[in-house]
Amino acid sequence: ELPHLSARVSWLDSLPDAFDGVVIGNEVLDAMPVERLRNAAGRIEQAGLALDPSGQPALDWRPAPAALADEARALGFTDGY
């Protein structure tokens, strides 16, 4: 979308020892650890991974640890959120 700026972009295979600029990493956010929560009838639940009866991966909703549930409530999670 900004071809006039393409000359200012450098593609690297590794980081230099020192630089002045910005590093943009593809799919960095995809690799960030997250917690998936929901409010189900007033209970804060945390998603985990389990195997279903056929041995396939499936989401497993379980009670969130107390500290995490307290943080979610402080954010105002409502039922169904």
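Use the structure listed above.
In what follows, the accompanying structure is described. (Residues numbered from 1 in each chain as written. Predicted model: local features only at pLDDT ≥ 70, side-chain atom pairs only at ≥ 80, totals over all residues. Heavy atoms only, no water.)

Here we look at the overall build of the protein
Each helix and strand counted, the protein has 1 helix and 3 strands in total. Taken over the C-alpha trace, the protein has a radius of gyration of 21 Å; the compact-globule value for 81 residues is 12 Å, which it surpasses by more than 25%. On the principal axes, the C-alpha backbone points of the protein span a range of 55 × 35 × 30 Å. Each of the 81 residues in the protein was classed as buried or not, and the buried ones make up 15%. Pairs at least 24 apart in sequence give 36% of the contacts found in the protein among residues at least 6 apart. Here the protein has roughly 7,300 Å² of accessible surface; of this, 56% comes from carbon and sulfur atoms. Separation of charge centres in the protein, based on 6 positive and 13 negative side chains, amounts to 10 Å. (Helix = DSSP H or I, 4+ residues; strand = E, 2+ residues; numbered from the N terminus. Rg over C-alpha atoms; globule rule 2.2 N^0.38 Å. Buried < 20%, exposed > 50% of the residue type's maximum accessible area, 1.4 Å probe, protein only. Contact = heavy atoms within 4.5 Å. Areas by Shrake-Rupley, 256 points an atom, 1.4 Å probe, with all protein chains shown as cover. Lys, Arg positive; Asp, Glu negative; His and termini not counted. Charge placed at Lys NZ, Arg CZ, Asp CG, Glu CD.)

Let's talk about the pairing of strand S2 (residues 43–51)
As judged from the 4 bridges shared by strand S1 (residues 37–40) and S2, these two strands associate in the antiparallel manner. Paired with Asn39 across the two strands is Ile44, which belongs to S2. Linking two consecutive strands that pair antiparallel, namely S1 and S2, is a turn of 2 residues; a positive phi of about 55 degrees is found at Ala41 within it. Across 7 bridges, the pairing between S2 and strand S3 (residues 57–63) is antiparallel. Paired with Gly48 across the two strands is Asp60, which belongs to S3. Hairpin connection, S2 to S3: the antiparallel pair is bridged by 5 residues, and Gly55 has positive phi, about 90 degrees. (Pairing = 2+ DSSP bridges.)

A short note on the sheet that holds S3
The sheet built from 3 strands is open, its strands ordered S1-S2-S3 with antiparallel pairing. Two strands lie at the open edges of the sheet, namely S1 and S3, each paired on one side alone. Each neighbouring strand pair of the sheet contributes to a mean axis angle of 45 degrees, computed without reference to strand direction. Here helix H1 (residues 66–74) sits on the sheet and contacts S1 and S2; the angle it forms with S2, its principal contact strand, is near 130 degrees. (Axes fitted to C-alpha atoms, helices over the stretch in contact; angles between N-to-C directions.)

Some points on the environment of Gln56
With respect to the helices and strands, the residue Gln56 is situated in the loop between S2 and S3. Residue Gln56 is classed as partly exposed on the basis of its relative accessible area of 46%. With 31 residues separating them along the chain, Gln56 and Gly25 place their C-alpha atoms 32 Å apart. The contacts of Gln56, once residues within four sequence positions are left out, are Ala50 and Leu51.

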